[in-house]
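For reference, the chains in residue letters:
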Amino acid sequence: MNIDFDKDNGLVPAIVQDADTRTVLMLGYMNAAAYEKTVATGKVTFYSRSKKRLWTKGEESGNFLNLVDIKADCDRDTLLVRAQPDGPTCHTGTDTCWKEENTPHYGFFSTLENVIAGRKAQQNSDSYVASLFAKGINKVAQKVGEEAVEVVIEAKDDNDDLFLNESADLLFHYLILLQAKGFSLTDVEKILRERHKK
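The name an unreviewed UniProt entry assigns to the chain is Histidine biosynthesis bifunctional protein HisIE, from the organism Sinomicrobium oceani. We quote the UniProt Subcellular location (unreviewed entry) comment for the chain here in full: "Cytoplasm".

Here it is, written out as C-alpha cells:
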C-alpha cells in the first residue's frame, strides 16, 4: 500500500476492528515503522504519541491484537486494521475503548432476536411469539418442522416469492426455537466456525 504518512507529522489514524464481529475496538496512530512492524510480526503496533516510541498493543498486558489485514482509505491517510483480539482491548479492561461489549451482531437478525427475547419475557402478552412460548418447546419445535416442510415444497416450485416467504417463516421460527432452548445465533456460529477450521 502507498500510505500517505506526510499529512500529519508522519502519523496516520488506525481504526482497529474485530475481524469477526466487526466491532470497532480502538483508535491508534501508526507511522511507517509501526506499520512495517505490524505487517512483519502480525501483532498490531502503534506509534505512542505520549511515549514517543513504537508500542505493540498487549506488550505489557498480553492482550495482543493479532493482525488479519490492513486497508487504506481512499485518501491513503487513514487505516482500517482488522484484527483478532486476545482479551480486552482497552487499558481499562473493557472490550473496546468505548466501553461496548465485543459481541457478534447479525444486523436485522440480532434485532429480531432481541424482539423475540422481549416477547418471551412478556408471558401474559397476546403476541404470537409469546403465545408460542407459552405452549412449550414441543409446539415451538413442531412449528419449525412445519415451516421446514413448507420450504421444501416451495423449493420444488417456480414461485420465488412463496419460497422466500416460507424461508423467512422458517428462519423466524428457528430463532424462536433457539431461544426456547436457551441459545442464540452466536452459539450456532461458534459451532460453524469450529467446523470451518477443520
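Taken from the UniProt record, the annotation "domain: Phosphoribosyl-AMP cyclohydrolase" (unreviewed entry) applies to residues 26–98. Between the C-alpha atoms that bound residues 26–98 the distance is 8 Å, and the span itself is 14% helix and 38% strand.

The subject of this paragraph is the packing of helix α2 (residues 108–121) against helix α5 (residues 160–180). Where α2 meets α5, the closest approach of the two axes is 10 Å, and the angle between their N-to-C directions is 55°. Put simply, α2 runs oblique to α5. Seen from above, α2 lies across α5 with right-handed handedness. Counted together, Phe-109, Leu-112, Glu-113, Ile-116, Ala-117 and Lys-120 of α2 and Leu-171, Phe-172, Leu-175, Ile-176, Gln-179 and Ala-180 of α5 form the full contact between these two elements.

In terms of nonpolar packing, the biggest core is built from 17 residues, with Val-16, Met-30, Leu-79 and Val-81 touching the most fellow members. Where this core is concerned, the elements lending two or more residues are β1 (12–18), β2 (24–30), α1 (32–41), β5 (65–72) and β6 (79–85). Val-140, Val-144, Ile-176 and Leu-178 belong to the second largest nonpolar core, which has 12 residues in total.

Right, let's get into the packing of helix α4 (residues 137–155) against α5. Any two packed helices are characterised by how steeply their axes cross, that is the angle between the axes, and by the distance between the axes. Axis separation between α4 and α5 bottoms out at 8 Å; the angle between their running directions is 160°. Of the possible angle classes, the one that applies to α4 and α5 is roughly antiparallel. Helix-helix and strand crossings are classified by hand; for α4 and α5 the assignment is left-handed. Across from Ile-137, Val-140, Ala-141, Lys-143, Val-144, Glu-147, Ala-148, Glu-150, Val-151, Glu-154 and Ala-155 in α4, the residues of α5 making contact are Leu-162, Phe-163, Glu-166, Ser-167, Asp-169, Leu-170, His-173, Tyr-174, Ile-176, Leu-177 and Ala-180. Class assignment of the residues belonging to the contact of α4 with α5 gives a composition of 14 nonpolar, 2 polar and 6 charged.

Cut-off values and rules
Residues numbered from 1 in each chain as written. Predicted model: local features only at pLDDT ≥ 70, side-chain atom pairs only at ≥ 80, totals over all residues. Heavy atoms only, no water. UniProt positions renumbered as here; feature names shortened; annotations may be inferred. Helix = DSSP H or I, 4+ residues; strand = E, 2+ residues; numbered from the N terminus. Axes fitted to C-alpha atoms, helices over the stretch in contact; angles between N-to-C directions. Parallel < 35°, antiparallel > 145°, perpendicular 65-115°, else oblique. Left-handed = near helix turned anticlockwise from the far one by under 90°. Contact = heavy atoms within 4.5 Å. Core = buried A, V, L, I, M, F, W, Y, C linked by side-chain atoms within 4.5 Å. Buried < 20%, exposed > 50% of the residue type's maximum accessible area, 1.4 Å probe, protein only. Nonpolar A, V, L, I, M, F, W, Y, C, P; charged D, E, K, R; others polar.

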